[in-house]
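Analysis of the macromolecular model
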Amino acid sequence: MNRRVKGILFAEYVRMIRGNKQHDWTTQLWPDDLAFLQQKVDLAGWYPMETFERFGNAILGFLALDQLEAVRMWGRFSVDELRAAQPNLVAPGDPVETLQRFRVLRATYFDFPAIELAMLIDDEAHIVISYHMGARAEEAASMQTMGFFERQLELAGATNVDAKLVERSWAGDARTLLRLSWDLMR
């Protein structure tokens with residue numbers, strides 16, 4: 001199965017790599033990957049997930065210095081940028097509706113079920129993460145996803161957001177499960 005990611009997400013990785021011209025990316029990326037760096041990214045287009053994974057691994061190693069907490073923070077930061085492009089990403093004052101909206105929007109970012117909202121109640125959610133990547137990339141993508149949802153919930157008015165990866169596929173669990181809990185702002 002050829003998994004694909006939407007250009008709006010792919011473009012972020014391309015920008016990060018292009019912005020660091022002093023690094024020799026040819027040692028970490030395939031020739032087909034490098035071709036994407038020479039092209040204009042169509043934000044509405046679809047791009048190969050395999051290239052996205054290799055871009056992510058290269059960025060993790062060179063820019064984030066393998067620091068997963070930096071990846072988590074980048075996930076938080078990316079919400080604001082994505083929200084600028086899609087203002088309906090957040091329902092102000094309504095964390096549950098915000099997560100419901102993401103459930104719908106997820107299909108616009110990936111053409112496979114990378115993120116599934118398994119359980120959602122007033123102050124808790126369980127999210128199954130499955131990008132189908134290698135262990136290193138899957139862990140980094142899960143940390144980025146955690147940061148994304150933390151920030152998204154905060155923008156929706158949630159307080160005391162707590163996020164934990166309670167199951168981790170790269171550590172031998174059958175799946176990756178992110179548990180989110182929060183308090184409702186009154």
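Residues numbered from 1 in each chain as written. Predicted model: local features only at pLDDT ≥ 70, side-chain atom pairs only at ≥ 80, totals over all residues. Heavy atoms only, no water.

Moving on: the packing of helix α1 (residues 7-18) against helix α3 (residues 49-62). Running from N to C, α1 and α3 cross one another at 40°; their axes reach a closest spacing of 10 Å. What the angle tells us is that α1 and α3 run oblique. Here the hand of the crossing between α1 and α3 comes out left-handed. Across the interface between the two elements, Leu 9, Phe 10, Tyr 13, Val 14, Met 16 and Ile 17 of α1 pack against Thr 51, Phe 52, Phe 55, Gly 56 and Ile 59 of α3. For the contact of α1 with α3, the per-class residue count stands at 9 nonpolar, 2 polar and no charged. (Axes fitted to C-alpha atoms, helices over the stretch in contact; angles between N-to-C directions. Helix = DSSP H or I, 4+ residues; strand = E, 2+ residues; numbered from the N terminus. Parallel < 35°, antiparallel > 145°, perpendicular 65-115°, else oblique. Left-handed = near helix turned anticlockwise from the far one by under 90°. Contact = heavy atoms within 4.5 Å. Nonpolar A, V, L, I, M, F, W, Y, C, P; charged D, E, K, R; others polar.)

For any two aromatic rings, the description comes down to two numbers: the centre-to-centre distance and the angle of the planes. Going through the model one piece at a time under the given rule, you end up with 14 aromatic pairs. Aromatic pair Phe 10 and Phe 36: ring centres 5.4 Å apart, planes at 75°, arrangement edge-to-face. With Phe 10 in helix α1 and Phe 36 in helix α2 (residues 31-37), this pair connects stretches of sequence that are 26 residues apart. Ring geometry for Phe 10 versus Phe 52: centroids 6.4 Å apart, planes at 25°, classification stacked. A residue pair is termed long-range when its members are at least 10 positions apart, and Phe 10 in helix α1 and Phe 52 in helix α3 qualify at 42 residues. Each member of the pair, Phe 10 as well as Phe 52, carries the same accessibility label: buried. An aromatic cluster of three or more residues is present, and its members are Phe 10, Tyr 13, Phe 36, Tyr 47, Phe 52, Phe 55 and Trp 74. A cation sits over an aromatic face here: Arg 3 above Phe 112, 5.3 Å from the ring centre. The ring of Trp 30 carries the charged tip of Arg 54 above its face, separated from the ring centre by 3.6 Å. (Phe/Tyr/Trp six-rings, centres within 6.5 Å; stacked < 30°, edge-to-face > 60°. Buried < 20%, exposed > 50% of the residue type's maximum accessible area, 1.4 Å probe, protein only. Lys NZ or Arg CZ within 6 Å of the ring centre and 35° of its normal.)

Strand order in the open sheet made by the 4 strands is β3-β4-β6-β5, with antiparallel pairing throughout. Since the sheet does not close on itself, it has two edges, and those belong to β3 (115-121) and β5 (158-167), each with one partner. Between one strand axis and the next, the sheet turns through 20° on average, direction left out of account. Looking at chain direction, strand β4 (residues 124-129) and strand β6 (residues 176-184) are connected through 6 bridges and run antiparallel. The partner of Ala 125 across the bridge, within β6, is Leu 180. (Pairing = 2+ DSSP bridges.)

Moving on: helix α4 (residues 68-85). With 18 residues, α4 should cover 26 Å at 1.5 Å per step; its first-to-last C-alpha distance of 26 Å lies within 8% of that length. Of the surrounding secondary structure, the elements contacted by the buried residues of α4 are α1, α3, α5 (95-109), α6 (135-155) and β5. (Expected span 1.5 Å × (residues − 1).)

Our focus in this paragraph is the pairing of β4. Of the strand pairs in this sheet, β3 and β4 are connected by 6 bridges, and their pairing is antiparallel. Paired with Leu 117 across the bridge in β4 is Ile 127. Taken together, β3 and the strand that follows it, β4, pair antiparallel across an intervening segment of 2 residues.

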